[in-house]
Amino acid sequence: MELIKSNLHTHTTLSDGEHSVEENVETAIERGFVSLGISDHSYVDGDGDYTIGKGNEEKYVSEVRRVIKKYEGTFDLFCGAEVDYYSEIDRSLYDYIIGSVHTVKIEGQHRGVDWGGEYTQGIIRDFCGGDHVELCKMYYENVMEHAEKNKPDIMGHFDLVTKFHSFDEDERYYDVALGALREVMKHVKRFEVNTGAVAVNIRKDPYPSKILLAEILRLGGTVVLSADCHNRKHLGFGFEEAAKMLKEIGFTSIDRLTKQGFVSDPL
Ligand SMILES: [Zn+2]
Ligand SMILES: [Zn+2]
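These numbers come from a predicted model, not from an experiment.

Q: Explain the overall build of the protein chain to me, please; I cannot follow it from the model alone.
A: A count of helices and strands for the protein chain gives eight helices and 11 strands. In terms of overall size, the protein chain behaves like a compact globule, its C-alpha atoms giving a radius of gyration of 18 Å where 267 residues would be expected to give roughly 18 Å. Principal-axis analysis of the C-alpha atoms places the extent of the protein chain at approximately 55 × 45 × 35 Å. Within the protein chain, the fraction of its 267 residues that count as buried is 46%.

Q: What is the right way to read unusual backbone geometry from this model?
A: One can expect most non-glycine residues to show negative phi and most peptide bonds to be in trans. At the junction of Tyr207 and Pro208, the peptide bond is cis and its omega measures out at -15 degrees in the coordinates. Counting through the fold element by element, Pro208 comes out in the loop between α6 (196-199) and α7 (210-218). Of note in this structure, Asn201 is not a glycine but carries a positive phi near 65 degrees. When you line up the elements, Asn201 lands in the loop between α6 and α7. Backbone geometry places Asp228, a non-glycine residue, at a positive phi of 45 degrees. Turning to its location among the elements, Asp228 is positioned in the loop between β9 (222-226) and α8 (239-249). The exposure class of Asp228 is buried, given the 27 C-beta atoms found within 10 Å.

Q: Just to check I follow, could you spell out α7 for this structure?
A: Buried within α7 we find Leu212, Leu213 and Ile216. The buried residues of α7 occupy one face: seen down the axis, they fall within an arc of 100 degrees. Residue Gly220 follows α7 closely and has a positive phi angle near 80 degrees.

Q: What's the story with the pairing of strand β4 (residues 96-100) in this structure? I'm lost.
A: Here is the key point about a regular strand: its side chains alternate between the two faces of the sheet. The buried fraction of β4 is high, at five of five residues. Of the two faces of β4, the one holding Tyr96, Ile98 and Ser100 and the one holding Ile97 and Gly99 are both buried throughout. Pairing of strand β3 (residues 76-84) with β4 involves five bridges; the strand directions are parallel. Across the sheet, the residue bridging to Asp84 is Ser100, located in β4. Summarising the sheet, β4 and strand β7 (residues 154-155) pair through two bridges and their orientation is parallel. Its bridge partner lying in β7, Ile98 is registered against Ile154.

Q: Teacher, can you tell me more about the packing of helix α4 (residues 132-150) against helix α5 (residues 171-184) here?
A: Relative placement of two packed helices is described by the angle separating their axes and the distance separating the axes. Two elements in contact, α4 and α5, have axes separated by 9 Å at closest approach and are oriented at 5 degrees. In terms of their interaxial angle, α4 and α5 are classed as roughly parallel. Within the contact between the two elements, α4 uses Val133, Cys136, Lys137, Tyr140, Val143, Met144 and Ala147 and α5 uses Arg172, Tyr173, Val176, Ala177, Ala180, Glu183 and Val184. Its residues assigned to classes, the contact of α4 with α5 shows 11 nonpolar, no polar and three charged.

Q: Can you walk me through the environment of Cys136 in this structure?
A: Take Cys136: it is sitting in helix α4. Distance from Cys136 to Tyr173, taken between C-alpha atoms, is 7.4 Å for residues 37 residues apart in sequence.

Q: Can you walk me through the packing of helix α1 (residues 21-30) against helix α2 (residues 57-70) in this structure?
A: Running from N to C, α1 and α2 cross one another at 40 degrees; their axes reach a closest spacing of 10 Å. Classified by the interaxial angle, the pair formed by α1 and α2 is oblique. Crossing geometry of α1 relative to α2 is assigned as right-handed. Touching Val21, Glu22 and Val25 of α1 are Glu63, Val64 and Val67, all from α2. Of the residues contributing to the contact of α1 with α2, the split by class is four nonpolar, no polar and two charged.

Q: What is the right way to look at the environment of Ile97 in this model?
A: Residue placement: Ile97 occurs in strand β4. The class of Ile97 is buried, set by 23 C-beta atoms lying within 10 Å. Counting along the chain gives 166 residues from Ile97 to Val263, while the straight-line C-alpha distance between them is 16 Å.

Q: Where do I start with the nonpolar core in this structure?
A: Grouped burial of nonpolar side chains is what soluble globular proteins tend to show. Cys136, Tyr139, Tyr140, Val143, Ala177, Ala180 and Val184 are the most contacted members of the largest nonpolar core, which totals 70 residues. For this core, the element with the most residues is α4, which contributes eight residues. Beyond its immediate stretch of four places on either side in the chain, Ala177 contacts Cys136, Tyr140, Asp159 and Leu212.

What counts as what
- Counting from 1, residues in each chain are numbered in the order their sequence is written.
- Chain letters start at A and ligand numbers start at 1, both assigned in the order the entries are written.
- Local features in this predicted model are restricted to residues of pLDDT 70 or higher, and side-chain atom pairs are both shown and tallied only at a pLDDT of 80 or more, whereas totals for entire chains, interfaces and linings draw on every residue.
- In this description a helix means any DSSP run of H or I spanning at least four residues, a strand means any run of E spanning at least two, and both kinds are numbered starting from the N terminus.
- Note on method: radius of gyration uses C-alpha positions; expected globular size equals 2.2 Å times residues raised to 0.38.
- Counts of 20 or more other C-beta atoms within 10 Å of a residue's own C-beta define buried residues, counts of 12 or fewer define exposed ones, and intermediate counts define partly exposed ones; C-beta atoms are placed from the backbone.
- Arc definition: directions from the helix axis to the C-beta atoms.
- Only strands that DSSP links by at least two bridges are regarded as paired with each other.
- Axis geometry follows a simple rule: fit a line to the C-alpha atoms, using only the stretch in contact for helices, then measure angles between N-to-C directions, giving values from 0 to 180 degrees.
- For classification, angles of less than 35 degrees are called roughly parallel, those exceeding 145 degrees roughly antiparallel, those between 65 and 115 degrees roughly perpendicular, and all remaining angles oblique.
- Note on contacts: each residue gets a C-beta atom placed from the backbone, and two residues are in contact if those atoms are within 7 Å.
- Asp, Glu, Lys and Arg are counted as charged, while Ala, Val, Leu, Ile, Met, Phe, Trp, Tyr, Cys and Pro are counted as nonpolar; the rest, among them Gly, fall into the polar class.
- Here is the rule for handedness: rotate from the far helix to the near one, and if that takes an anticlockwise turn smaller than a right angle the crossing is left-handed, while a clockwise turn gives right-handed.
- A set of buried residues qualifies as a nonpolar core if it consists of Ala, Val, Leu, Ile, Met, Phe, Trp, Tyr and Cys joined through C-beta atoms within 7 Å.

Below you can see the structure in the form of structure tokens.
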């Protein structure tokens, strides 16, 4: 079955992306997408460089809405946001939100779990007594609180903490991650399968890992495919492979946002 292509995780020049909203729409149309969602980073106090910036929420939304109007009737564009755990937003402004955790706050400072391998090792050494499980506990604590408090439409890159550090050899990791997943699923049932780090050669597989995806399926969760692209050339990157993987795990459908809400397309 031909994959119906859409992507709700798209960054533009309004935050840390390389192309404008319109440039992304043009590429989506060229590549046969049926819809696209813009999800720039909501402002994070103390860690705002990669976000839409302080006080810019209305400006951001009105720019995306301007482009939505421009393509009305010809292409479905949605106004979303990738909302960080440490963000405050006006939920009523958006068609959907992706809930993500990028940092843990230690001693009042943001420490990114996706800032690099050495940086991650540094957090584990300096703030976790050398035990990496302490880092993932902090990270998943934020993920669980985010899900409960903000109930995002989609949970973003669920296991981002594994970006630069492998926990695979440590079974304690999966106790923490699966425990967090079960808590999260009391509030949010939809997860993205995020190919962003695969597109830029940082990872071989999308987030979340297959073990987590299998548990999402077992607990009645659903998935969307997302490119998390910061450059329009990565729109749809790895979607076919990800769909194949999902099928192998046992998923039979993929969610897609329409003007009438989320629908599920058979895989
Ligand atoms: Zn993110
Ligand atoms: Zn993102």
